[in-house]
Amino acid sequence: MAEIELKPVRTRILTANDDIVETIAHYAGQDIGPDDVVSVAESVVAITQGRITRPEEMEPSFLAKVLCRFVPQKGSLSSCYGMQAAMDAEGKWRVLFAMIMGFLAKLIGRNGVFYELAGEQAALIDDVTGTMPPYDKHLVYGPQNPAGVAEAIKKRLGCFGAAVADVNDLKRAAVLGASEGLDPQTLARILIDNPFGNASQKTPIVIIKNYAQVEADAQGVIRERAK
């Protein structure tokens, strides 16, 4: 039976002048087969979309300076710049409402309410040092239309599917967008050990080899057991 294999693909540093679909075709096209799923790191997709800004180009509001103090230091919104970026992306009143409700929810022992209410970008923003050089001096927003990006990759490469994923070294993985027919939760489990290397490794693309064959084998086993 076929087995899943994760194959990171090395690239140069990508910029807003790059097209992520054509970049994948250039660096990984020869290694991608019809049974494979192509996954790409969400921060790199965002960078190629130009969704970056430098802190010195921002003017954090008084509200951003206050709210950021209620975010744990390890969070990207713990800086006034990160908080301002979230407010710019999702609206300041939405972020304020989410912060109030999140605080109240913690009083009854429920965590994570702030990010549930503040909007997708609040959870996806990478503050300075949160991504690869030279973009470790930038704030990076989440990508636009990740599902559309995944579909474009699938169409261009002729692979079984594609996905844009947000994965870190803390065993947290989320698929922000996937081509039709793929299960985001299954892909997240496959990528949970963070095979991406967005820093000096420069491997923001990971090919999930044999995905379709493994899925077909699993369905065959299920059918046999059902007989």
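Residues numbered from 1 in each chain as written. Predicted model: local features only at pLDDT ≥ 70, side-chain atom pairs only at ≥ 80, totals over all residues. Heavy atoms only, no water.

Across its full length, the chain carries 10 helices and seven strands. A compact globule built from 227 residues would reach a C-alpha radius of gyration of about 17 Å, and the chain, at 19 Å, matches this within 12%. A principal-axis box enclosing the C-alpha atoms of the chain has dimensions of 60 × 45 × 25 Å. Counting only residues that meet the buried cut, the chain has 46% of its 227 residues in that class. Residue pairs at least 24 apart in sequence account for 67% of intrachain contacts in the chain once pairs closer than 6 positions are excluded. Accessible area of the chain: about 12,000 Å², with a carbon and sulfur share of 53%. The centroid of the 24 positive side-chain charges in the chain is displaced by 4 Å from the centroid of its 28 negative side-chain charges. (Helix = DSSP H or I, 4+ residues; strand = E, 2+ residues; numbered from the N terminus. Rg over C-alpha atoms; globule rule 2.2 N^0.38 Å. Buried < 20%, exposed > 50% of the residue type's maximum accessible area, 1.4 Å probe, protein only. Contact = heavy atoms within 4.5 Å. Areas by Shrake-Rupley, 256 points an atom, 1.4 Å probe, with all protein chains shown as cover. Lys, Arg positive; Asp, Glu negative; His and termini not counted. Charge placed at Lys NZ, Arg CZ, Asp CG, Glu CD.)

A word on the pairing of strand β5 (residues 161-167). In terms of burial, β5 is a largely internal element, six of the seven residues being buried. Relative to β5, strand β2 (residues 37-41) runs parallel, the two sharing five bridges. Paired with valine 40 across the bridge in β5 is valine 164. In terms of strand pairing, β5 meets strand β6 (residues 173-178) through five bridges, oriented antiparallel. For alanine 163, the partnering residue across the bridge sits in β6 and is alanine 178. (Pairing = 2+ DSSP bridges.)

A word on the side chain of serine 78. You can see serine 78 is positioned in the loop between α3 (62-67) and α4 (80-90). Note on serine 78: relative accessible area 14%, which makes it buried. Among the polar contacts listed, one links the side chain of serine 78 to the backbone oxygen of glycine 75, at a separation of 2.6 Å. With sequence-adjacent residues up to four places away left out, serine 78 is seen in contact with Cys68, Val71, Pro72 and Gln73. (Polar contact = N/O pair within 3.5 Å; in protein donor to acceptor, adjacent residues only side chain to side chain.)

Another aspect to go through is the side chain of serine 79. For serine 79, the position within the fold is in the loop between α3 and α4. At 2.9 Å, the side chain of serine 79 forms a polar contact with the backbone nitrogen of glycine 82. If near-sequence neighbours (up to four positions away) are discounted, serine 79 is found in contact with Cys68 and Asp127.

This part covers the domain arrangement of the chain. Looking at the chain, the domain boundaries give domain 1 (5-50 + 144-226) and domain 2 (53-139). Centre-to-centre separation of domain 1 and domain 2, based on C-alpha positions: 27 Å. (Domains from an automatic or database assignment.)

Covalently bonding the sulfur atom of one cysteine to the sulfur atom of another cysteine gives a disulfide. If you walk through the whole model with that rule in mind, you get zero disulfides. Among the cysteines around cysteine 80, which has no disulfide bond, cysteine 68 carries the closest sulfur, lying 5.5 Å off. (Disulfide = S-S within 2.5 Å.)

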